[in-house]
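# Examination of the molecular architecture
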Amino acid sequence: MIKSLIRKTARRFKEPILGTVFDKLMGGSGSGRRPFDAQELRLVYDALRSQNLFGVDGTMVTEFEREFASAYGVPHAIASTSGTAAIHVALGALDLDPGDEVITAPITDLGTIVPILYQDAIPVFADIDDTYNMDPADVERKISPFTKAIIAVHLFGNPCDMDTLKEIARRHKIPLIEDASQAHRARYKGQLVGTIGDIGCFSFQQSKHMTTGDGGMTITSNRGYGERMKLFVDKGYARKGWGARAYLFHAPNYRMNELTGAVGRAQLRKVEGVVARRAALGRKMTALLAGQPCVTPAPVTPGSDSAFWLYPVRLDGVDIQRVADDLRAVHIPVSVGYTGKPIYLCSESLAAKRTYGRSQWPFTIREGVKKYEYREGLCPRAEELLTRLLCVVWDESWTDREVERVVSTLLASVEKHRSGKGAAVAAGPPPARAEAAPANAGAVAARMRIGIVGCGQMGRWHLDAYRANPNVEVVAFADTAFANAERFAREAGGTAYPTHAEMIAKEKLDGVSLCTVPSTHRDIAIDFLKAGVHVLCEKPLAVTAAEAAEMSRAALDHKRLLLPAFKFRFHDEVREARRLIERGAFGRISTFRLMFGADLPVEGTWYGDRRLSGGGVIMDNGPHAIDLVHYLFGPITEISAEATRSQNIEMEDTAKLTCRLSDGTVGTIDLSWSVGVPNRSYLEIYGDEGTAFLDLDGLTYKFKSWSEWRTVKNGASGREEFARQIDHFVEAMTSGSPQVVGNGDGFMSQQVIESAYRSIAESGRVPVVSGVK
């Protein structure tokens, strides 16, 4: 009977009736989650028909790895037997020494911890914050000379604070692993979790968003890690044909088989819809629970999209066990406290050090020097949360009405069982750890007072961006064409001035945008810096490197910011390219070509007047181009430039710069006011492991391990991307620490521009003087 149905199914792969046949084969159409259907059956049948289920020699696992890598935009994906194995594979890539410490989360499955112990390393637990994920401040406190990795666990599908964790890991030169087992397709500030750290790990256990029953995947953009992980899942076996075998290092066998790979391929095509449905259910649950007494809905990290694997509800002032009993009595699946206790109190391999016989290894490795104890009080916030946490166990098959039933039942039970019934019971998030208030906290509350000097087209872009920032008040405008300043002042409610000097004399400003012609930048910027005002200066910073150096010294002397308006650093396509380059995804950069060109007649404009502009297209377009090269690839050490002039102006309108970088890479920059870019892409990147093209709509790229190109569309408009540099300037004034563009970047660009002009004059390649003021 079953054989007959399989044969019928095989013949009907492209027929609508296949779903019905599958239901009959699998025992009816029952309710609840049904993750598998004809898609899995067809691929499983293909695997069986091949008469080979060994992943190394088959096609299903290889294709699953390739498709998963493509779905996550990375070059390397290594399949394994479980989520636990996936984390072990990640740690295997790091080649840890016995006794190395790995910082991780106290609320997680033991699958996060077992691989640490299998590598003879020692788990160190960082307490949680209000997101229920690791508190980055406690992570930093737990770092020691023995710390060799951090494993961030995206609990319940909610992303960690990856910006802070990544910065901590970078500063301490510690690899950052993401355990995304519960967070398939979740995003943090637009990036898929698992792609933000150095290595990402996923589980395909039955309850996960995509499932093969059991299975795992480990991804990375680091070629060295990827190559070692591929060996690690296969006993360290360097398969090279006939002859003596070579096992390169100690490693387990975690190879995935072809049946699992077949199911994984089908599941990968469904997971986006699964996560979207769970996310919609999560948002609905949160909206219904918001503001209810004694109840705190599931947290979502700012800037994130949670995948809502489970839905955690915090209950305060309530007998949580009785509430759970009430829900279970009406068949609502819930668990109290998820793991019940932090994982270090659940596992005897930690609490009692029952690891390898009676050895207590590896905890004895520093006997007499450092003692490792896993007991109550180690992570007090995590311990306290788990006594108050009720997890709703759901899946994507739920309906909105089922969510409504859970909420009404839950709230009725909370009302019945809360302590001091009839009295108001305070509810809300767990109390935050006391932190010292920043010294400049009052500045944000008072709003930054901003001036704009130069009220033309560029000043308009600055004004619009400032007005969208709630922490800013634009109060003053100056322009030698006073009518322009008056127009801006009428629109924004500020005061107009005919000169910047009068603005300085009459206004108390925090910052100023300088949008005047380049020849005026030095004097105006220095005047504001001396007055204690931070400066955001449109490019070029100055018209000579000497002037830029004077401005930089003034900023240093008066402890103010002097940030060039290098807007491309804030473009989505540039940020994505930099992320991939930093991770080594393209391998060694072989060459690049950057093209900024347009048919732009400049005769009769200030651009064509050397006294105002300081130079031609190299001075105008060069700062953005040179900064992009520096930002993405590193400093330019030598430059050769050629220039031509076709318009009726005294400077070059077209130029070609050949740049040599500190690592030996040679690339080109083409600039023109007379010729447009011949294709959509303004930047082409060629590496020995991949290629990328950047345009104003997004990033298109391909790795050697892929058979197709991938495009990541920009999520913001040009004006929104421009506004990011304004927001960055405001944040930098508040914190005193710019994160994207620094004080020395404008001076650096000016040095390269001056070297390019020197190259033209000398008809040869010239070195770029290094050093940033």
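Above this text is the structure in question.
### Things to note about the sheet that holds strand 15 (residues 448-453)
The 6 strands lie next to each other as 17-16-15-18-19-20, forming an open sheet whose pairing is parallel. Unpaired on one side and paired on the other, strand 17 (495-497) and strand 20 (562-564) mark the two borders of the sheet. Each neighbouring strand pair of the sheet contributes to a mean axis angle of 25 degrees, computed without reference to strand direction. Here 6 bridges tie strand 15 to strand 16 (residues 472-478), and the two strands are oriented parallel to one another. Bridging across to strand 16, Gly-451 finds its partner in Ala-476.

### Quick look at helix 22 (residues 545-557)
Between its first and last C-alpha atoms helix 22 spans 18 Å; for 13 residues at 1.5 Å apiece the expected length is 18 Å, and the two agree. Residues of helix 22 that are buried include every one of Ala-545, Glu-547, Ala-548, Ala-549, Met-551, Ser-552, Ala-554 and Ala-555, and no others. Looking at the buried positions of helix 22, the neighbouring elements they touch are helix 21 (521-530), strand 20 and helix 28 (745-762). Downstream of helix 22 by one or two residues, Lys-559 has phi in the positive range, about 55 degrees.

### Overview of the side chain of Arg-185
Among the structural elements, Arg-185 can be located in the loop between strand 5 (176-179) and strand 6 (187-188). Arg-185 has contacts with Ala-71, Tyr-72, Leu-192, Val-271, Glu-272 and Val-275, leaving out every residue within four places of it along the chain.

### Describing the environment of Pro-297
Considering the arrangement of structural elements, one finds Pro-297 in the loop between strand 10 (295-296) and strand 11 (304-305). Note on Pro-297: relative accessible area 16%, which makes it buried. Separated by 255 residues in sequence, Pro-297 and Ser-552 have C-alpha atoms that sit 49 Å apart. Look past the residues within four positions of Pro-297 in its chain and what remains in contact with it is Thr-286, Leu-289, Ala-290, Tyr-311 and Pro-312.

### Some words on the packing of helix 18 (residues 457-467) against helix 27 (residues 718-735)
Contact geometry for helix 18 and helix 27: axes closest at 9 Å, N-to-C directions at 70 degrees. Viewed along their axes, helix 18 and helix 27 adopt a mutual orientation that is roughly perpendicular. Of the residues in helix 27, those in contact with Met-458, Trp-461, His-462, Asp-464, Ala-465 and Tyr-466 of helix 18 are Gly-718, Arg-719, Phe-722, Ala-723, Ile-726, Phe-729 and Val-730. Grouping the amino acids of the contact of helix 18 with helix 27 by side-chain chemistry returns 9 nonpolar, 2 polar and 2 charged.

### Things to note about the sheet that holds strand 11
Spatially, 7-6-11 is the arrangement adopted by the 3 strands of the open sheet, whose pairing is antiparallel. Either end of the sheet is taken by a strand with one partner, and the two such strands are strand 7 (191-192) and strand 11. Looking at chain direction, strand 6 and strand 11 are connected through 2 bridges and run antiparallel. Residue pairing across strands places Tyr-188 opposite Ser-304, the latter belonging to strand 11.

### So, the packing of aromatic side chains
The final tally for this structure, using the stated rule, is 31 aromatic pairs. Judged by centre distance (4.8 Å) and plane angle (35 degrees), the rings of Tyr-237 and Tyr-247 are tilted. Residue Tyr-237 is found in the loop between helix 9 (223-232) and helix 10 (258-268), and its partner Tyr-247 is found in the loop between helix 9 and helix 10; the two are separated by 10 residues along the sequence. Assessed through its relative accessible area of 13%, Tyr-237 is described here as buried. An aromatic cluster is built from Phe-64, Phe-68, Tyr-72, Phe-202 and Phe-204, whose rings are joined through pairwise contacts. In this structure, Arg-185 packs its charged tip against the face of Tyr-72, placed 4.8 Å from the ring centre. We note Lys-353 situated over the ring of Phe-363; from NZ or CZ to the ring centre the distance is 5.8 Å.

### Section: the pattern of salt bridges
A full pass over the atoms with the stated rule returns 62 salt bridges. Between Lys-230 and Glu-65 there is a salt bridge, and its shortest N-O distance comes to 2.8 Å. Taken together, the positions of Lys-230 in helix 9 and Glu-65 in helix 4 (residues 60-72) put the pair 165 residues apart, joining distant regions of the chain. Look at Lys-230 and you get partly exposed, because its relative accessible area is 44%. Across the pair Glu-167 and Arg-170 runs a salt bridge, and its minimum N-O distance is 3.2 Å. On the criterion of helical spacing, the pair formed by Glu-167 and Arg-170 is a turn pair, its members being 3 residues apart in helix 8 (residues 162-172). On the basis of relative accessible area, Glu-167 is assigned to the partly exposed category, the value being 27%. You can call Arg-170 exposed: its relative accessible area is 57%. Among the charged side chains, a network of salt bridges with common partners joins Glu-63, Arg-66, Glu-67, Arg-265 and Glu-708.

Rules and cut-offs
- The residue numbers shown here count from 1 along each chain, following its written sequence.
- Side-chain atom pairs in this predicted model are given and counted only at pLDDT of 80 or more, local residue features only at pLDDT of at least 70, and totals for whole chains, interfaces and linings cover all residues.
- The basis for every side-chain value is the complete set of heavy atoms in the structure, and neither hydrogens nor water enter the calculation.
- For two strands to be treated as a pair, DSSP must find no fewer than two bridges joining them.
- Helix and strand labels come from DSSP, where a helix needs a run of H or I of at least four residues and a strand needs a run of E of at least two; each type is numbered from the N terminus.
- Interaxial angles span 0 to 180 degrees and are taken between N-to-C directions of axes, which are lines fitted to C-alpha atoms, for helices over the stretch in contact.
- Expected helix span is computed as 1.5 Å times (number of residues minus one).
- Each residue is assigned to one of three classes by its accessible area relative to the maximum for its type, calculated with a 1.4 Å probe on protein chains only: buried under 20%, partly exposed between the two thresholds, exposed over 50%.
- Two residues qualify as a contact provided that any one of their heavy atoms is within 4.5 Å of a heavy atom in the partner residue.
- These descriptions rest on fixed angle ranges, namely under 35 degrees for roughly parallel, over 145 for roughly antiparallel, 65 to 115 for roughly perpendicular, and the rest for oblique.
- Amino acids are sorted into nonpolar (Ala, Val, Leu, Ile, Met, Phe, Trp, Tyr, Cys and Pro), charged (Asp, Glu, Lys and Arg) and polar (every other residue, Gly among them).
- Classification of ring pairs uses Phe, Tyr and Trp, with its six-membered ring standing for Trp, and accepts pairs whose centres are within 6.5 Å; under 30 degrees between planes counts as stacked, over 60 as edge-to-face, and the remaining range as tilted.
- Working rule: Lys NZ or Arg CZ, within 6 Å of ring centre, within 35 degrees of ring normal, means a charge sits over the ring.
- When a carboxyl oxygen of Asp or Glu is within 4 Å of a side-chain nitrogen of Lys or Arg, the pair counts as a salt bridge.

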